Amino acid sequence: MTISVLIVCLGNICRSPMGEAVLRNEALKRGITDIHVDSAGTAAAHIGEDPDERTIEVCSTKNVPISHSARQVRATDFTSFDYILAADGSNLRALERHVGHKEGSKATVKLWGSYLPDNKPIQDPYYGGLDGFKEVYEQCVKLSNAFLDEVVGEKN
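Every chain is numbered independently, its residues counted from 1 as its sequence is written. It should be noted that, the model being predicted, local features are given only for residues of pLDDT at least 70 and side-chain atom pairs only at 80 or more, the latter also being counted only at that level, while totals for whole chains, interfaces and linings use all residues. To obtain the side-chain values, all non-hydrogen atoms of the structure were used and water was disregarded.

Asker: Requested: an account of the overall build of the protein chain, with residues and values cited.
Answerer: The secondary structure listing takes helices from DSSP runs of H or I that are at least 4 residues long and strands from runs of E that are at least 2 residues long, numbered from the N terminus. A count of helices and strands for the protein chain gives six helices and four strands. Computed over C-alpha atoms, the radius of gyration of the protein chain comes to 14 Å, within 12% of the 15 Å expected from 2.2 N^0.38 for 156 residues, which places it in the range of a compact globule. Seen along its three principal axes, the alpha-carbon backbone of the protein chain occupies a region of about 40 × 40 × 30 Å. Buried residues are those whose accessible area, probed at 1.4 Å on protein chains only, stays under 20% of the maximum for their type, while exposed residues exceed 50% and partly exposed ones sit between those limits. Each of the 156 residues in the protein chain was classed as buried or not, and the buried ones make up 49%. Every residue pair with non-hydrogen atoms within 4.5 Å of one another is taken to be in contact. The long-range share in the protein chain, meaning contacts at least 24 apart out of those at least 6 apart in sequence, stands at 76%. Across the protein chain, the 17 positively charged side chains and the 22 negatively charged ones have centroids separated by 2 Å. For the radius of gyration, the atom set is restricted to C-alpha positions; the globular benchmark scales as 2.2 Å times the number of residues to the power 0.38. Within this scheme the basic residues Lys and Arg register as positive and the acidic residues Asp and Glu register as negative, but His and the chain ends are omitted. By convention, charge coordinates are those of NZ in Lys, CZ in Arg, CG in Asp, or CD in Glu.

Asker: Help me get a handle on the state of the cysteines, residues and values and all.
Answerer: Cysteine sulfur atoms are paired as a disulfide whenever they fall within 2.5 Å. What the rule picks out here adds up to zero disulfides. Sulfur of Cys9: no disulfide; nearest cysteine sulfur belongs to Cys14 and is 6.7 Å away. Cys59 provides the cysteine sulfur closest to Cys140, a residue in no disulfide bond, and the two sulfurs are 8.1 Å apart. Among the residues examined, Cys140 registers a relative accessible area of 0% and is labelled buried.

Asker: I'd like to hear about unusual backbone geometry, residue by residue, with values.
Answerer: Of note in this structure, Asn12 is not a glycine but carries a positive phi near 65°. For Asn12, the position within the fold is in the loop between β1 (3-9) and α1 (15-29). The phi torsion at Asn119 lies on the positive side, around 55°, for a residue other than glycine. For Asn119, the position within the fold is in the loop between β4 (108-111) and α6 (130-151). Owing to a relative accessible area of 41%, Asn119 belongs among the partly exposed residues under this scheme.

Asker: For the sheet that holds strand β3 (residues 83-86), give the residues involved together with the corresponding values.
Answerer: Read from one edge of the open sheet, four strands run β2-β1-β3-β4, paired in parallel fashion. Strands at the two margins of the open sheet, each flanked by one partner only, are β2 (35-41) and β4. When the angles between neighbouring strand axes are averaged without regard to direction, this sheet yields 20°. Where β1 and β2 come together, seven bridges link them in parallel fashion. Following the sheet pairing, Val5 is matched in β2 by Val37. Sheet contacts for helix α4 (residues 89-97): β1, β3 and β4; angle to β4, the most-contacted strand, approximately 160°. Strands in contact with α6 are β1, β2, β3 and β4; relative to β3, the strand with the most contacts, it is inclined by about 150°. Note on pairing: DSSP must find at least two bridges between two strands before they are called paired. Orientation is described by lines fitted to C-alpha atoms, with helices fitted over the stretch in contact, and by angles between N-to-C directions that extend from 0 to 180 degrees.

Written out as structure tokens, the structure reads:
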């Protein structure tokens, strides 16, 4: 059975496309191929854009393939994904208010950081430098493995 996961941030150009790429990569490193990962934003500001160049740069230096066109969360996401994981509390609240969440959602909607004991949100690196994107990458690796441990099973 395929697990489907949607990673969500505000604009879908920094945190969520990086999270999508990292989660897919960590799953493949474990031999997990029955996983569908996508990402979206709660805002519409960047629809159709590629990920931020700093997101692409960090993924590239870590040999993590990334290819995404920004999109906004749709009502159908709540019935087509098993998990919708928010980067931070603001985006989690936006997801919880979304009409799709109220109309028969099958998805588990939660803060991605809740898979680790510190329950830490992923801070938006957009207005900072490259170091912020590197920190987001490291956090995405930890969160991806914690998610996979809980949902698929402990890493061998």
